[in-house]
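What follows is the residue order along each chain.
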Amino acid sequence: MSTRKNTTQEQQQQQQQHQDNRYRAEAKNKIISASIGSIITALTVTPLEVVKVRQQAAGLASTTTSALNINLTSSPKLCPNGCGTFVLSTGLGEYLTSRSTAGYFDPNTGILKQKQREIITEASKTGGGPLKILRKIFLTEGFSGIYAGLAPTLVMGIPNTVLYFFSYEEISPRLKARYPSDHPGSGAVPAVAGGSARFIASLSTAPLELLRTQQAARAGGSLGDPTANGGGMIAELRTMIRSDGALSLFRGAWPTLMRDVPFSAIYWVCIESMRDFWRNRHRDQQHLSNRNNSSNNDIPSSSSSISTSEQTVEALINGCVSGVIAAAFTTPLDVLKTRSQVAVIPDTTPTKATAVETIVETEGISGLWRGNTARCMKVAPACGIMISTYEAGKRLLATE
């Protein structure tokens, strides 16, 4: 009896160890896939973002409501810290970056350097679009020109993206187990999981992003600033907690969360819906194929596996379509976030309700969707590339 009990315990321990090893392997694959996806997405989207930044800095882009455009077209004397920062979007996030790291801004004035202005001007005179300007920048400055400022954004972008996707894949299965497909609340599972994953990722990295933002702002200020070097990240975090309290570490995170959490909720609802569509489509095709084989007295095909390339294409389509839908629904939130950030006098910054009323009265309802096309054009490829790379990476790593 004792021997049988020991054998059962050993089997249970082996089973538990096997499950733990499998979980760790899958977690490692998710982390690697999300990291690679984040890098590939940034490498794809950043060059076009760099062109946009230079166009705005040269004064050739159309007037927009972005904080970047306002800072760059204003007199350098009016800009805090010598106009030392700009916003660089990787398609998956927006990151404040020091202009001293970009190389194409004058670190003393924050104005685009003369040589870079000439490149934009020359390309624009000949009717050059973004791709032509990008080609001119690459021929003149090489990879360092089209990817200027990329490295600092990856420092925060990769951890944020990894935590985001990992959190979703941890939360979603648990919610699906609790609320199966026949449960009335099952339809809300992707929205809750997606919104929660974005909330966790953004809030977890908010203190480091705030610290990096402050460091980037100081980098564009006076070289003699005694606080520029500081005493390291840990020392700065401790100083902030002592002076302003622990909640100060999350300063500035709430406007972003108000936009990104709804975006993620809508995005994952669309992703899961499209996954169901492809799954049903493949099942119907398999059923039809088996029925045809039976009528021809052939052996029915038992293989329902889908190739990695086919899954990657489906994931790319899912990401692009879902990204556009989520971006279109949340553009008003993005407009409100941008308008609140560019308010000249902080004390006069309107509440969200007042801002909505002002926009509708002065610009009509369409004002809430200003910039929607440009945002969708940037979000669609970023979401598509990220989810397809992530899914392909997990599948390939699992076969090793």
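Each value, and the rule that gives it
- In this convention, every chain numbers its residues from 1, walking through the sequence in written order.
- Local features in a predicted model are, by the rule used here, given only for residues with pLDDT of at least 70; side-chain atom pairs are given and counted only at 80 or more, and totals for whole chains, interfaces and linings are based on all residues.
- To obtain the side-chain values, all non-hydrogen atoms of the structure were included, while hydrogens and water were left out.
- Each residue gets a pLDDT score, which is the predictor's confidence in that residue and runs from 0 to 100.
- Only heavy atoms matter for contacts: two residues are in contact if any of them lie within 4.5 Å across the pair.
- Strands are runs of DSSP state E lasting at least 2 residues, helices are runs of H or I lasting at least 4, and numbering of each runs from the N terminus.
- Side-chain atoms within 4.5 Å link the members of a nonpolar core, which is a set of buried Ala, Val, Leu, Ile, Met, Phe, Trp, Tyr and Cys residues.
- The buried label applies to any residue whose accessible area, calculated with a 1.4 Å probe on protein chains only, is under 20% of its type's maximum; exposed applies above 50%, and partly exposed to all values in between.
- Pairing of N or O atoms within 3.5 Å defines a polar contact, subject to two protein rules: one partner must be a possible hydrogen donor and the other a possible acceptor, and residues neighboring in sequence count only if both atoms are side-chain atoms.
- Centres within 6.5 Å are what make two rings of Phe, Tyr or Trp a pair, Trp counting through its six-membered ring; a difference in plane orientation under 30 degrees is then read as stacked, over 60 as edge-to-face, and the rest as tilted.
- As a reminder, the over-ring test applies to NZ of lysine and CZ of arginine, requiring each to be within 6 Å of the ring centre and within 35 degrees of the ring normal.
- Each helix should span, by expectation, one fewer than its residue count multiplied by 1.5 Å.
- By construction, the arc corresponds to the directions joining the helix axis to the C-beta atoms.
- Residues forming no salt bridge and having over 30% relative accessible area are the ones grouped into patches, like charges within 9 Å of each other and nonpolar side chains (Val, Leu, Ile, Met, Phe, Trp, Tyr) within 5 Å.
- Surface accessibility follows the Shrake-Rupley procedure with a 1.4 Å probe radius. Residue values consider only the protein chains on display as shielding.
- When a carboxyl oxygen of Asp or Glu lies within 4 Å of a side-chain nitrogen of Lys or Arg, that pair is called a salt bridge.

**Section: the confidence of the model for the protein chain**
Here the protein chain averages 77 in pLDDT, and 73% of its residues register 70 or above. In this model, residues 60-82 is a region of pLDDT below 50 whose contacts with residues beyond four sequence positions or in other chains number 45 contacts. Note that pLDDT drops below 50 for residues 300-304; the model gives that stretch eight contacts with residues more than four away or on any other chain.

**Considerations on the environment of Glu49**
By secondary structure assignment, the location of Glu49 is in helix 1 (residues 2-58). Taking C-alpha positions, Glu49 is 9.7 Å from Val87, a pair spaced 38 residues apart along the chain.

**Overview of the nonpolar core**
Core analysis: the largest hydrophobic core is formed by 26 residues, its most contacted members being Tyr164, Phe165, Phe263, Tyr267 and Trp268. Within the residue set of this core, elements represented by two or more residues are helix 1, helix 7 (150-178), helix 8 (189-219), helix 10 (253-295), helix 11 (308-341) and helix 13 (372-398). No other element matches helix 7, which puts eight residues into this core. When residues no more than four places from it in sequence are discounted, the contact partners of Tyr164 are Gly194, Ala197, Arg198, Ala201, Ser264, Tyr267 and Trp268.

**Looking at the side chain of Thr205**
Within the secondary structure, Thr205 sits in helix 8. Here the side chain of Thr205 touches Asn160 through a polar contact of 2.9 Å, side chain to side chain. If we skip the residues at most four places from it in the chain, Thr205 touches Met156 and Asn160.

**Quick word on the packing of aromatic side chains**
By the definition in use, this model includes ten aromatic pairs. Taken together, a centroid distance of 5.9 Å and an interplanar angle of 75° make the contact between Phe165 and Trp268 edge-to-face. Taken together, the residues span a long stretch of sequence, with Phe165 in helix 7 and Trp268 in helix 10 at a distance of 103 residues. Connected via pairs of aromatic rings, a cluster forms that spans Tyr164, Phe165, Tyr168, Phe263, Tyr267, Trp268 and Tyr390. Looking at Lys30, its charged tip hangs above the ring of Phe166, at a distance of 5.8 Å from the centre. When the ring centre of Tyr164 is taken as origin, the NZ or CZ atom of Arg198, which lies over that ring, is 3.8 Å away.

**So, helix 5 (residues 130-141)**
Its twelve residues place the ends of helix 5 16 Å apart at the C-alpha level, agreeing with the 16 Å of an ideal helix rising 1.5 Å per residue. Within the span of helix 5, buried status applies to Ile133, Leu134 and Ile137. Mapping the buried residues of helix 5 onto a view down its axis gives an arc of 100°, with all of them on the same face. Among the exposed residues of helix 5, those pointing more than 90 degrees away from its buried face are Leu131, Arg135 and Leu139.

**Points about a nonpolar patch on the surface**
A cluster of nonpolar side chains, namely Val313, Ile317, Val321, Ile325 and Phe329, defines an oily patch on the protein surface of about 420 Å² accessible area. Within the secondary structure layout, Val321 lies in helix 11. The class of Val321 is partly exposed, set by a relative accessible area of 35%.

**A short note on the pattern of salt bridges**
Within the structure shown, the criterion is met by 13 salt bridges. The partner of Glu26 in a salt bridge is Arg22, and the shortest N-O contact between them spans 3.3 Å. Note that Glu26 and Arg22 are positioned in helix 1 at a spacing of four residues, about one turn of the helix. Residue Arg275 is joined to Glu272 by a salt bridge in which the shortest nitrogen-to-oxygen separation is 3.3 Å. Residue Arg275 and its partner Glu272 are both found in helix 10; the two are separated by three residues, about one turn of the helix. Looking at Arg275, the relative accessible area reads 23%, which means it is partly exposed. Through salt bridges with shared partners, a single network forms among Lys30, Glu169, Glu170, Arg174, Lys176, Glu272, Arg275, Glu391 and Lys394.

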